[in-house]
Amino acid sequence: MFIRKPRSVQQKMTAIIFLVSMFVLVLTSLQFVAFELKHRRDIAYDGIGSLARLISTNAQFPMTIKDYVGVGKLLNSLSARKDVASAYLLLPDGRSVADYSRAQNSHAFIDSAKELKFLQIEARQIAEGLQLGAEQAWQEDGRLAYFMPVTYQGGHVGYTYLSLELMELRKHQLSLLLGWLLAMGAAMLVTYLLSIRLQHYISGPVEQLVARMGQISREKRLVGFVPKDTVDEFNQLFHGFDEMMRALQERDQMLELHRKNLELEVQVRTRALEIEKEKAEHATNAKSRFLANMSHEIRTPMIGVLGMADLLRQKDLADQDQHLVETIYRSGEALLIILNDILDFSKVEAGRLVIDSVPIDMALLTEDVTRLMDVNAHAKEIEVVLKTSGDLPIVEGDPSRIRQILLNLIGNAVKFTDAGKVTVSLSATSRFTEGVCDYLIVIQDAGIGISEEAQARIFDSFDQGDSSTTRKYGGTGLGLAITKELVQLMGGQVTVESRPGEGSTFSVELPMVLSKQSELALFAKKPSLPPKPCLAQIAAVALPVASGARRVLLAEDNPTTQNLISILLQQMGIELTIVDNGQEAVDFLSNEKVDLILMDCQMPQLDGFEATSQLRALGVSTPIVALTAYARAEDEQECLAAGMDDFLSKPFRQSELKDILVRWLGADALSQAPAASSAH
Ligand code: ADP
């Protein structure tokens, strides 16, 4: 039979108590029953022995005097006992002188076959008794038989044979067993009920403990026990549990207090940090503003230096003078590059570098820069070669910033290489399904190389490989810092592999989005870009040129710039009118018409932005080109937002001013014939 294993402590306890009690009960009661059964059998044996002795004693004398009627009566008196089955008084030779049979004396139905069987058994037992001639007992077939000699004055005068039905004994035994079974059943029931009741004393507290733990984990709060009066182990357990809970509660409270203190401390620290951060931001902004202003202030006189030097370069000068002017011009350009780097760096620091996103042809862009750098490198007899591989799709990105990265890296490669060539490799891995393309640009040179220790630092601002490099090659140590920042802003990374004396390899990985537009951005607008390919396109959409000199109005407060532009425009055969501020420009244009306005942004009285807004409000639609020494992208945006059409950052090259004029007046409008210049 399948008995389920007890699962809970409660079931286990019930089972243990029940089984132990039942085992003890069955063992003791079985011992008692066995003893009782034996005792009853002994009584039956004793009983038949006594009865046979009584008959033998009473039959001594009648048997001696052969009073067989008397012994017959003696045996008949046995009818009073229901358990006597048969009795015989026998002569020493075995002949029966008197007999008694309950079957003969009873009126009940007699099973003759059974009686016959009994008679046979009796005959056999009597024969055995006669043979031995001594007391004997048998238990056979549900009867107890006894054989005893009848003696008188020391001699055998006959024998008594008596048989008793064991029915009564059996009945007794049966009722005893039944009673035992019933008692066992009742005991089982009582034991079971008691074990359930008793186990409660043990499992109850355990259940209570389990329930309390469940409550704690459910409600997420510590709950103790109600103290009990008992002093048993369970109470000690609960007491211990309560103590533990109390300790936990205290610890929680301390932690909570600590947390609150910590929060407070964090708040105080955060506030302090915020103040520090604000201060730092303020300082950075101030620094950035200072750098922007400084660069603006330096740019303004630079326009005079560069512009005039450029004009002088074109004059027919003696060789020595030409060399002096060239030196002034090149130094000015170098200074401008440094100025641009510092401005970019200030933007990086202020987190104001914005990355544009327009369609670009990376192959064309890289080729442009490579071509430009190749021209510069020829002076050092170094060759810059471009290797492209694979499909190079049109992507979205910031062409001027990518150009800046390329210029920096290729510029460095050329700068730090004294012989050999610089290889620029361009490849791309497109994932058309995902709409992205990973560009890889590798610039490899055969130059001086970089030590491992220096490689870890060169991407930091103002860091240069070593001081001897600075002495020999110059530079500010900003190029790679700006490059790294730009690459990271585009989501890419720049790495270097190099060994001193064995050249360097800079790799730029740029993850880019594939362009959906078919037309390309006009990326050749910045000062350093070669304007040729774009100019061709622009010229095609330029305004129709009217006959006669075109009129240009210059609103500019700086006399040097006025002077320079005046000379340049005069050379190009353009009629120029100069005003000193925005207000004068508005006044002038309310009566006069010009073909183009060159508008400085920072002017006294009325600045370029305000003047442009007023002119546009007055319905003047003449193209306005902003002239400003602020070279930031947001400055350009501000100019366009104010209603201006184009942007020229100071100092500009002569060619850049020419490009602007070609763009807005048409190539035909420019001639070398001198034209009048007037100041208003
Ligand atoms: P700069 O060139 O103005 O000093 P950069 O940030 O561009 O500043 O470069 C930092 C330093 O890294 C350089 O001074 C030079 O020591 C080292 N470096 C950069 N590019 C190369 C190169 N191609 N070969 C050798 N050294 C290089």
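Residues numbered from 1 in each chain as written. Predicted model: local features only at pLDDT ≥ 70, side-chain atom pairs only at ≥ 80, totals over all residues. Heavy atoms only, no water.

Asks: Would you take a moment to explain the overall build of the protein chain for this structure?
Replies: Check the secondary structure of the protein chain and you find 18 helices and 18 strands. The buried share among the 680 residues of the protein chain stands at 42%. Counting only contacts in the protein chain whose residues sit at least 6 apart along the sequence, the fraction spanning at least 24 positions is 68%. When the accessible surface of the protein chain is totalled, it reaches about 37700 Å², and 58% of it is carbon and sulfur. (Helix = DSSP H or I, 4+ residues; strand = E, 2+ residues; numbered from the N terminus. Buried < 20%, exposed > 50% of the residue type's maximum accessible area, 1.4 Å probe, protein only. Contact = heavy atoms within 4.5 Å. Areas by Shrake-Rupley, 256 points an atom, 1.4 Å probe, with all protein chains shown as cover.)

Asks: I would appreciate a short explanation of the confidence of the model for the protein chain in the present structure.
Replies: Reading fine detail from the predicted coordinates is not recommended where pLDDT is low. Mean pLDDT over the protein chain: 82, with 88% of residues reaching 70 or higher. Mean pLDDT across the secondary structure elements of the protein chain bottoms out at helix α13 (residues 532-541), with 28, and peaks at strand β11 (residues 493-498), with 95. Predicted confidence is poor over residues 518-547, with pLDDT under 50, and the contacts of this stretch with residues over four places away or in other chains come to 46 contacts. Residue range residues 672-680 is modelled with pLDDT below 50. Its contacts to residues more than four positions away, or to other chains, number 24 contacts. (pLDDT = per-residue confidence, 0-100.)

Asks: What am I meant to see in the side chain of E165 here?
Replies: Position of E165 among the secondary structure elements: in strand β5 (residues 155-165). Classification of E165 as buried rests on a relative accessible area of 18%. A polar contact of 3.3 Å, which involves the side chain of E165, links it to the side chain of R143. In contact with E165, other than residues within four places in its own chain, are D83, A85, R102, G142 and R143. (Polar contact = N/O pair within 3.5 Å; in protein donor to acceptor, adjacent residues only side chain to side chain.)

Asks: Before we go on, may I ask you to explain the nonpolar core in this structure?
Replies: Counting 46 residues, the largest nonpolar core has M362, I402, I410, Y439, I441 and L510 as its most contacted members. Sorting elements by how many residues they give to this core places helix α9 (residues 399-415) first, with 8 residues. Among residues more than four places away in sequence, those in contact with M362 are V395, I402, L426, Y439, I441 and M512. (Core = buried A, V, L, I, M, F, W, Y, C linked by side-chain atoms within 4.5 Å.)

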